[in-house]
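# Structure assessment
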Amino acid sequence: MTLSSFNPAYTTQVAKTAVSTSVMTLVLLVSAFIVATGNMAFFTRLEEAYPLAQGYAPFLLSTVLVQISFLAMVLSLVCVGRFVKPVLALTLLIAAAISCIQDGFGVVIDEAVLRSVIATDKREATELFSLSMGLRMLLQGVIAATIVMLVRLRIPDFRHHLVATSGTVGIGFLVIVMCFAMFSATYISFFREHKIVRYYSNPLSALHALAGTVTAAANDMAANKSLTVIAQDVVLTDRTRPRLVVMVVGEAARARNSSVNGYERNTNPFLGKRDVFSFQHMTSCGTATAVSVPCLFSALPRRDFSVEDALVQENLLDIAQRSGVSVLWRDNNSDSKGVALRVPYQDFKHEDINPICDPECRDVGMLTDLQGFIDSSSDKDLLIVLHQMGSHGPAYYRRYPEVFEMFSPVCKDNELSACSDETIRNAYDNSIRYTDYFLDAVIKLLVANENSRDTAMVYVGDHGESLGEYGIYLHGMPYSLAPAEQTEVPLVLWFGNGFPVDRSALRIQIEKPASHDAIFATMLELLGITSNELHLQTSLVQVSD
């Protein structure tokens with residue numbers, strides 16, 4: 001006899017039904033189903049750390065019980081009354097989506113990834129979808145959620161619900177304590193040495209990340225902060241000619257896949273013939289665009305950075321514009337992630353403004369009529385930011401026209417784990433070659449303006465990309481756990497003949513370790529903007545006026 005059967009009115013209703021179940025039974029069944037079907041990535045990595053062949057089967061079984069118990073405890077607290085079935089159905093759909101992403105790309109769902117998901121546009125989202133993922137989502141998510149919605153559920157009164165919930169939480173807590181007690185040494189080892197595996201726990205890790213994201217957003221809204229002005233004393237240094245600096249923000253670019261950095265494939269046939277300065281040891285501020293791009297333009301160093309703080313503080317573009325530099329942001333990615341809210345912004349992801357779409361709108365289209373903007377500001381210093389689509393995955397093969405397919409065959413499956421490492425690398429390297437072509441076109445534009453301006457190009461990647469190393473694809477891993485493939489990014493500088501930069505010092509500088517933290521000061525140096533109030537990392541370049 002269940003606790004809910006003590007409700008006389010409800011007992012009468014139950015007698016009229018053929019099949020029914022209690023709330024806590026359904027919660028337990030859903031929890032067990034999710035743990036069993038949605039945690040392939042978690043248990044695969046856990047078994048690698050604690051192999052069955054070495055006698056860890058009892059410990060692995062205990063982790064199953066711990067996850068089921070913990071998830072059941074959480075769900076029992078939020079499954080109340082008429083919300084029971086909708087909450088459980090939504091949880092099944094979310095868990096199914098997470099397992100598809102984690103199993104397909106090896107990524108984990110943390111706050112940075114959630115920010116990226118929120119900022120992802122429809123086009124980017126569709127590239128993550130594949131037929132096999134759709135089928136799995138149907139079976140594991142949609143059908144399971146539909147079954148839950150069709151189940152005849154016995155809803156107890158509040159008193160019985162409270163007793164049942166307390167029992168579920170109590171028993172779950174007891175199971176967890178017993179498992180920890182039985183395998184305490186192994187669990188201590190697990191928590192200390194295999195933190196990355198914990199991030200794959202589905203959906204518990206994602207729920208934790210979601211709570212953190214919602215809390216941060218709520219705190220930011222509650223604070224109702226106005227824009228903080230920094231460096232009130234910024235001024236432009238005197239110079240004989242105006243400057244034109246083009247900053248190209250790359251997407252998912254790996255430094256190690258650039259031939260100008262020693263990569264064995266010729267992925268930079270154009271830059272390889274230019275007098276460029278390519279930094280050999282540059283690291284990013286984050287592993288996802290939603291974090292890295294705001295950080296890249298913020299005066300805050302990575303150790304102190306938060307997106308919430310950056311969005312309410314002046315960034316590089318604000319300071320440049322306030323000092324008298326004419327600023328323009330052109331975007332062929334999703335958007336500026338809040339960086340270009342107060343400067344002229346142009347969206348080049350659509351055919352109505354980007355004339356080079358075949359069918360995807362290409363980065364090189366951002367150069368359309370840029371000369372007209374330059375000519376209209378003949379007496380002003382200019383900062384032009386071009387935000388690339390670059391090597392955005394997983395559909396690397398779409399990031400370049402067919403004529404740039406130098407390396408083949410290429411992976412054309414959005415589920416990268418279904419492709420060989422070689423075909424993934426081929427498609428990715430072709431996208432790097434197209435970026436090389438685009439950067440050369442930028443340099444040609446700058447060369448055409450050398451007679452009237454001091455010109456410079458700065459190309460910097462926002463974050464790197466995993467191409468299957470360690471079973472991980474794409475990007476967005478927690479920074480402390482991220483592999484080097486996701487944090488090592490390119491930084492390539494080019495200067496016109498008249499630009500007053502110390503090239504000898506720069507040739508020494510490119511061999512030293514550097515990070516995104518230095519970009520803010522470097523851009524101010526290139527633009528000739530000075531301030532006594534700002535205390536930044538030393539610029540990577542030295543400019544004499």
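Residues numbered from 1 in each chain as written. Predicted model: local features only at pLDDT ≥ 70, side-chain atom pairs only at ≥ 80, totals over all residues. Heavy atoms only, no water.

### Considerations on the overall build of the chain
What the chain contains, in helices and strands, is 20 helices and 15 strands. Classification of the 545 residues of the chain by burial places 55% in the buried group. For the chain, the share of sequence-separated contacts (at least 6 apart) that also reach a separation of at least 24 residues comes to 77%. Averaging the locations of the 42 positively and 55 negatively charged side chains of the chain gives two centres separated by 6 Å. (Helix = DSSP H or I, 4+ residues; strand = E, 2+ residues; numbered from the N terminus. Buried < 20%, exposed > 50% of the residue type's maximum accessible area, 1.4 Å probe, protein only. Contact = heavy atoms within 4.5 Å. Lys, Arg positive; Asp, Glu negative; His and termini not counted. Charge placed at Lys NZ, Arg CZ, Asp CG, Glu CD.)

### Concerning the sheet that holds strand β7 (residues 326-331)
Overall, mixed pairing links the seven strands, which are arranged β5-β13-β10-β4-β9-β7-β8 in an open sheet. On the outer flanks of this sheet lie β5 (277-278) and β8 (345-347), each paired with one strand and no other. Sheet topology note: the strand β4 (residues 243-250)/strand β9 (residues 382-387) ladder contains six bridges and is parallel. What sits directly across from Val249, in β9, is His387. Set on the sheet, helix α17 (residues 421-447) makes contact with β4, β9, β10 (454-461) and β13 (491-495); between it and β10 the angle comes to about 165°. Against the sheet, helix α20 (residues 519-527) engages β4, β9, β10 and β13, with an angle of about 155° to β4. (Pairing = 2+ DSSP bridges. Axes fitted to C-alpha atoms, helices over the stretch in contact; angles between N-to-C directions.)

### A short note on the pattern of salt bridges
Counted under the stated rule, the structure contains 20 salt bridges. Residue Asp103 pairs with Arg136 through a salt bridge whose shortest N-O separation is 2.4 Å. Placement of Asp103 in helix α5 (residues 84-105) and of Arg136 in helix α8 (residues 131-150) is noted, with a sequence separation of 33 residues between them. The residue Asp347 makes a salt bridge to Lys349 at a minimum N-O spacing of 2.8 Å. The network of salt bridges with shared partners includes Glu264, Arg265, Glu422, Arg425 and Asp429. (Salt bridge = Lys/Arg side-chain N within 4 Å of Asp/Glu carboxyl O.)

### Concerning the state of the cysteines
Counted by the stated rule, this structure contains three disulfides. Covalently, Cys357 is tied to Cys361 through a disulfide, its sulfur atoms 2.1 Å apart. Here Cys357 and Cys361 share a disulfide; its torsion about the S-S bond, 95°, makes the bridge right-handed. Across the disulfide, Cys411 is cross-linked to Cys419 (sulfur-sulfur distance 2.1 Å). Taking the torsion about the S-S bond as the criterion, the Cys411 to Cys419 disulfide, at about 65°, is right-handed. The exposure classification of Cys411 matches that of Cys419, with both residues buried. With its bonded cysteines labelled in order along the sequence, the chain shows the pairing 1-2, 3-4, 5-6. (Disulfide = S-S within 2.5 Å.)

Worth remembering: the numbers are spatial, not functional.
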